[in-house]
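# Overview (structure and organization)
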Amino acid sequence: MPVLVMKFGGTSVATLDRIRRVAKRVGVEVAKGYDVIVIVSAMSGKTNELVGWVNEISPLHDAREYDAVVSSGENVTAGLMALTLQEMDVPARSWQGWQVPVRTTNAHSSARIEEIPTENIRAKFAEGMRVAVVAGFQGLSPEGRITTLGRGGSDTTAVAFAAAFEAERCDIYTDVDGVYTTDPRVSAKARKLDKIAFEEMLELASLGAKVLQTRSVELAMRYKVKLRVLSSFEEQSDTAGTLVCDEEEIMESNVVAGVAFSRDEAKMTLLSVADRPGIAANIFTALSDAGVNVDMIVQNIAEEGRTDMTWSCPTDHVARAQKAVENAKSEGVINYHEVIADLDVAKVSVVGIGMRSHTGVAAKMFQVLSAEGINIKVITTSEIKISVLIDRKYMELAVQALHDAFELEKAA
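This structure is a prediction, so every number in the text was calculated from the model and none was measured.

Turning our eyes to something else, we now look at the nonpolar core. Counting residues in hydrophobic clusters, the biggest one holds 44 residues, and the most contacted among them are Val5, Ile37, Ile121, Phe161, Cys170 and Met201. In this structure, Ile37 is in contact with Val3, Leu4, Val5, Met6, Phe125, Ala132, Val134, Phe161 and Phe165, ignoring residues within four places of it in sequence.

Laid out in structure tokens, this is it:
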């Protein structure tokens, strides 16, 4: 039988009533003739509660035990979902990551999936099981320990299963009914997209859109997994939600597909850095070793052998970034006059595959921001995106103005 993967996020399984509701949805797909692999997250709020317990007991915790505790939320949901399906006379069985097994790296709390053998689950399907309810977010390290995949990891679990089992489709059920041109809470004109290209979704996810985990989109693009984002709270049809697919499957698209933003950004600058070969490598190696997630990078023109180096990073990485460059300075690896952190910035980006073949997007974006009196602090571009750092107080204004200027409320 064809395989369908269905993933339900924390809000979709937050209560027993919601679990019963989504179980009925699974039952509908079983009745259509699918063998279904259901990937479940922990019930809403449970992961945060478990993380809080770990941090209270041991602030500098053993990452292996952190994973053992935090992964347990998904186990509860998987068991409850399987029991609910059984009560509906749907042959179902719960599976924890180690039982599949979902083989991962040993990077606890941020492991990557390396392999998903299909033999165990396929054998149970052959014996009459119709639904495999798999605990998302977790796997098994080479040492035989439980690992977790990082926040949003259940999305990645779902896509990886869809790729391994060559599923017809991977449906991601969440609390929104699809992918929008921007956050509807910021712009009332935001429009749900029927289709979006993998590359556009990848950029939007990495730039702040919270609909899908970035890693899950990377996997879907690599293995050509058709992704559909839907709401678990609305009636469904075959055309519901947003399909994330190859660019070739989209007949017409706007030049700009969406406007993404991230509030929790910081701009950091090293003033008067010695301008010599290898200095950038030394700075960003120190930041990388400290686990700082660097995004935008700008180097000023050198004067008298000195230059300024600016980068952006999440606000919660600022302290470790400061410590990393201070340690590098004390060790003589880099030399600079001062490090300045601006914690009051936001990143706003326009994204679209149509930018490859259309000129003037950057000019229009900058004109729009200028007309609103918004100063740009840093600019970075790629083939299908333009991102700027601006003062955080102007973020919503910038998103609304850009959404209007590119007429994203209109379909292509």
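Inspection of helix 12 (residues 395-405) places Met395, Ala398, Val399, Ala401, Leu402 and His403 among the buried residues, and these make up the whole buried set. Directly beyond the C-terminal end of helix 12, a positive phi value near 50° is found at Glu407.

The domain architecture assigned to the protein chain consists of domain 1 (3-175) and domain 2 (259-406). Taken over C-alpha atoms, the centre of domain 1 sits 36 Å from the centre of domain 2.

This part covers the packing of helix 7 (residues 198-206) against helix 8 (residues 214-223). Contact pair helix 7 / helix 8: the axes reach a minimum separation of 9 Å and the direction vectors enclose 165°. One way to sum up the angle between helix 7 and helix 8 is to call them roughly antiparallel. When the axes of helix 7 and helix 8 are compared, the crossing they make is left-handed. Each of Phe198, Glu199, Met201, Leu202, Ala205 and Ser206 in helix 7 lies in contact with helix 8, whose residues at this interface are Thr214, Val217, Glu218, Ala220 and Met221. Residue classes in the contact of helix 7 with helix 8 are distributed as 7 nonpolar, 2 polar and 2 charged.

Read across the sheet, 8 strands follow the order 3-6-2-1-9-11-12-10 without closing on themselves; strand pairing throughout is mixed. The sheet is open, and its two borders are formed by strand 3 (92-95) and strand 10 (195-197), each paired with just one other strand. Mean inter-strand twist for the sheet, computed between neighbouring axes without regard to direction, equals 20°. In terms of strand pairing, strand 1 (residues 3-8) meets strand 2 (residues 35-40) through 6 bridges, oriented parallel. Counterpart to Leu4 in the pairing with strand 2 is Val36.

Attention shifts here to empty space enclosed by the protein. If you walk through the whole model with that rule in mind, you get 1 cavity of 30 Å³ or more. Counted as a void, the largest cavity has a volume near 30 Å³. Lining the largest cavity are Ser71, Asn75, Gln96, Gly97, Trp98, Gln138, Gly139 and Ile146. Residue composition of the lining of the largest cavity, grouped by class: 2 nonpolar, 6 polar and no charged.

Quick look at the environment of Ala126 now. Looking at the element boundaries, Ala126 is found in helix 5 (residues 119-126). Considered as a pair, Ala126 and Met1 are 125 residues apart in the sequence and their alpha carbons are 9.5 Å apart.

A few words on the sheet that holds strand 15 (residues 306-314). If you walk across this open sheet you meet the 6 strands as 14-15-13-16-18-17, and the pairing is antiparallel. Edge positions in the sheet fall to strand 14 (297-299) and strand 17 (378-382), since each has one partner strand and no second. This sheet shows a mean twist of 25° between the axes of neighbouring strands, independent of strand direction. Direction of pairing for strand 13 (residues 258-274) relative to strand 15: antiparallel, over a ladder of 8 bridges. Within the sheet, the bridge partner assigned to Thr269 lies in strand 15 and is Thr310. Across the face of the sheet, helix 7 comes into contact with strand 13, strand 16 (338-351), strand 17 and strand 18 (385-391) while running at roughly 150° to strand 16.

Within the element layout of this structure, Leu204 appears in helix 7. Judged by its relative accessible area of 4%, Leu204 falls in the buried class. Put simply, Leu204 and Ile57 are 147 residues apart on the chain and 36 Å apart in space, counted from C-alpha to C-alpha.

Taken as a whole and assessed by the stated rule, the structure comprises 3 aromatic pairs. Aromatic pair Phe8 and Tyr173: ring centres 4.8 Å apart, planes at 20°, arrangement stacked. Pair noted here: Phe8 is in strand 1 and Tyr173 is in strand 9 (residues 169-174), with a separation of 165 residues, a long-range link. Considered together, Phe8 and Tyr173 belong to a single accessibility category, that of buried residues. Between Phe161 and Phe165 the ring centres are 6.0 Å apart and the planes differ by 5°, which places this aromatic pair in the stacked class. The burial state of Phe161 is the same as that of Phe165; both residues are buried. Between the NZ or CZ atom of Lys329 and the centre of the ring of Tyr336, over which it lies, the distance is 4.6 Å.

All right, on to the side chain of Ser12 then. Tracing the sequence through the fold places Ser12 in the loop between strand 1 and helix 1 (16-31). Within the structure, Ser12 has its side chain in polar contact with the side chain of Ser232 (distance 2.7 Å). Excluding anything up to four places from it in sequence, Ser12 contacts Arg18, Ile19, Val22, Tyr173, Thr174, Ser232 and Phe233.

Conventions adopted
- Residues numbered from 1 in each chain as written.
- Predicted model: local features only at pLDDT ≥ 70, side-chain atom pairs only at ≥ 80, totals over all residues.
- Heavy atoms only, no water.
- Core = buried A, V, L, I, M, F, W, Y, C linked by side-chain atoms within 4.5 Å.
- Buried < 20%, exposed > 50% of the residue type's maximum accessible area, 1.4 Å probe, protein only.
- Contact = heavy atoms within 4.5 Å.
- Helix = DSSP H or I, 4+ residues; strand = E, 2+ residues; numbered from the N terminus.
- Domains from an automatic or database assignment.
- Axes fitted to C-alpha atoms, helices over the stretch in contact; angles between N-to-C directions.
- Parallel < 35°, antiparallel > 145°, perpendicular 65-115°, else oblique.
- Left-handed = near helix turned anticlockwise from the far one by under 90°.
- Nonpolar A, V, L, I, M, F, W, Y, C, P; charged D, E, K, R; others polar.
- Pairing = 2+ DSSP bridges.
- 1 Å grid on protein atoms, 1.4 Å probe; cavity = no way out; pocket = protein on both sides within 12 Å on 5 of 7 lines; lining within 4 Å.
- Points joined across faces, edges and corners; volume = space filled by probe spheres on them.
- Phe/Tyr/Trp six-rings, centres within 6.5 Å; stacked < 30°, edge-to-face > 60°.
- Lys NZ or Arg CZ within 6 Å of the ring centre and 35° of its normal.
- Polar contact = N/O pair within 3.5 Å; in protein donor to acceptor, adjacent residues only side chain to side chain.

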